[in-house]
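So you can see what is in the structure, the chains are spelled out below.
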Amino acid sequence: MIKRAEHPDLEKKPRVRKTVERSAPVDVLQVMRERIATSELPPGAKLNEYDLAKEFDVPRTRIREVFTALEQRGLIERIPNRGAMVVRLEPQQVFDIYDMREVLEGLCARLACQNAAPESWQDLLDQFSGPVEEAVKRGDFDAYTEFYGQFRRRCIEAANNPVLAQALDSIYEKTQVLIRRIVILPGRGEIGVREHRAVLEAMRRGDAEAAEHLRRTNIRNAKAFLTRYIKYIL
């Protein structure tokens, strides 16, 4: 919360307060996206317009705007006479998403490698050569996913392609829970560490073609694990 003492000019510029109010729908949207991505709102969960408006202290029209944005991202669906609910992915939809993810993640790795200095990846390579590997050995998969998140964000930032970033974010929101479930499958964590280390080694060498190939292989292998254990994951 902004403290008036820290911003003495706030009273002279009432428009600042209006700007904060106008940004509220974006904040609500972000919270809802995170709840769906982390399965706090699981597939099939119903969303009540009135309850959400009360929770966030915003007009119901604002919640409808958020619902429209979530629907456009494929995170919820609105069914006549039933209301809004979180989308439940079918196995074939998940496989289709992973096919697309393979291509986009590979492209992202290649662009990131081309745009960033090779030495800029050394810190991530050090992490995947030490702390991440140790975290997986002791079964700390939360630490693994945290480091993976850093790798993912750095690649997207370095790729510097807004269209690609938007597409990857949309896919990540739909698959974040699956990613967390895949990494705890027997042997997947160890394999994932080796595969990410190989990608980073290629990026450290400045070999964009190899980085793309290895990243695509990484996603393709994740899909193979998903296919094998699909009935335990969805």
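My aim in this report is to walk through the structure given alongside it, one point at a time. Here the structure is a predicted model, which means the values were calculated and not measured.

### Quick look at the pattern of salt bridges
One pass over the structure, following the stated rule, counts 21 salt bridges. One salt bridge connects Glu-133 with Arg-197, and the closest N-O pair in it is separated by 3.9 Å. Within this pair, whereas Glu-133 is found in helix 6 (residues 131-137), its partner Arg-197 is found in helix 9 (residues 188-205), the two being separated by 64 residues in sequence. By relative accessible area, which is 26% here, Glu-133 ends up partly exposed. Judged by its relative accessible area of 16%, Arg-197 is buried. A single network of salt bridges, built from pairs that share partners, joins Arg-33, Arg-73 and Glu-173.

### Concerning the sheet that holds strand 2 (residues 76-79)
Spatially, 3 strands are ordered 1-3-2 in an open sheet, and the strand pairing comes out antiparallel. In this open sheet, the two strands that pair with only one neighbour each are strand 1 (46-47) and strand 2. Here 2 bridges tie strand 1 to strand 3 (residues 83-86), and the two strands are oriented antiparallel to one another. Following the sheet pairing, Leu-47 is matched in strand 3 by Ala-84. On top of the sheet, helix 3 (residues 60-72) reaches strand 1, strand 2 and strand 3; it is set at about 115 degrees to strand 2, its chief contact.

### Regarding unusual backbone geometry
Residue Asp-57 is not a glycine yet carries a positive backbone phi of 55 degrees. As for its placement among the helices and strands, Asp-57 is situated in the loop between helix 2 (49-56) and helix 3. The residue Asn-160 is not glycine, and still its phi comes out positive at about 55 degrees. With respect to the element layout, Asn-160 can be found in the loop between helix 7 (141-159) and helix 8 (162-183). Residue class for Asn-160 comes out exposed when judged on its relative accessible area of 62%.

### A look at the pairing of strand 2
One ladder, built from 4 bridges, connects strand 2 with strand 3; its direction is antiparallel. Bridge assignment links Ile-76 to a residue of strand 3, and that residue is Val-86. Adjacent in sequence and paired antiparallel, strand 2 and strand 3 are bridged by 3 residues, among which Asn-81 carries a positive phi angle near 70 degrees.

### With respect to the environment of Lys-46
Considering the arrangement of structural elements, one finds Lys-46 in strand 1. Look at Lys-46 and you get exposed, because its relative accessible area is 61%. Ignoring sequence-local partners within four residues, the contact set of Lys-46 consists of Ala-84 and Met-85.

### Observations concerning the side chain of Arg-35
Turning to its location among the elements, Arg-35 is positioned in helix 1 (residues 15-37). If near-sequence neighbours (up to four positions away) are discounted, Arg-35 is found in contact with Glu-40, Leu-41, Leu-52, Glu-55 and Phe-56.

### A closer look at the nonpolar core
Counting residues in hydrophobic clusters, the biggest one holds 51 residues, and the most contacted among them are Tyr-98, Trp-121, Phe-151, Leu-200, Met-203 and Leu-226. If you list the elements that add at least two residues to this core, you get helix 4 (91-115), helix 5 (122-129), helix 6, helix 7, helix 8, helix 9 and helix 10 (208-233). Residues contacting Leu-226, with those up to four places away along its chain left out, are Val-94, Phe-95, Tyr-98, Ile-182 and Ile-233. Within the second largest apolar cluster, 19 residues are counted, among which are Leu-41, Ala-53, Val-58 and Val-86.

### Examining the packing of helix 4 against helix 7
At a minimum axis distance of 7 Å, the contact between helix 4 and helix 7 shows a crossing angle of 65 degrees. One finds that helix 4 runs roughly perpendicular with respect to helix 7. Pair helix 4 / helix 7 crosses with left-handed handedness. Judged by residue contacts, Arg-101, Glu-105, Cys-108, Leu-111, Ala-112 and Asn-115 of helix 4 engage Tyr-148, Cys-155, Ile-156, Ala-158 and Ala-159 from helix 7. Taken together, the residues of the contact of helix 4 with helix 7 sort by class into 8 nonpolar, 1 polar and 2 charged.

### Here's the deal with helix 3
With 13 residues, helix 3 extends 18 Å between its outermost C-alpha atoms, agreeing within 8% with the 18 Å of an ideal straight helix rising 1.5 Å per residue. Regarding helix 3, the residues found buried are Ile-63, Val-66, Phe-67, Ala-69 and Leu-70. Along the axis of helix 3, the buried positions cluster into a sector of 165 degrees, meaning they face one direction only. Phi turns positive, to about 75 degrees, at Gly-74, one or two residues after helix 3.

The rules we used
- Residues numbered from 1 in each chain as written.
- Predicted model: local features only at pLDDT ≥ 70, side-chain atom pairs only at ≥ 80, totals over all residues.
- Heavy atoms only, no water.
- Salt bridge = Lys/Arg side-chain N within 4 Å of Asp/Glu carboxyl O.
- Helix = DSSP H or I, 4+ residues; strand = E, 2+ residues; numbered from the N terminus.
- Buried < 20%, exposed > 50% of the residue type's maximum accessible area, 1.4 Å probe, protein only.
- Pairing = 2+ DSSP bridges.
- Contact = heavy atoms within 4.5 Å.
- Axes fitted to C-alpha atoms, helices over the stretch in contact; angles between N-to-C directions.
- Core = buried A, V, L, I, M, F, W, Y, C linked by side-chain atoms within 4.5 Å.
- Parallel < 35°, antiparallel > 145°, perpendicular 65-115°, else oblique.
- Left-handed = near helix turned anticlockwise from the far one by under 90°.
- Nonpolar A, V, L, I, M, F, W, Y, C, P; charged D, E, K, R; others polar.
- Expected span 1.5 Å × (residues − 1).
- Arc of directions from axis to C-beta.

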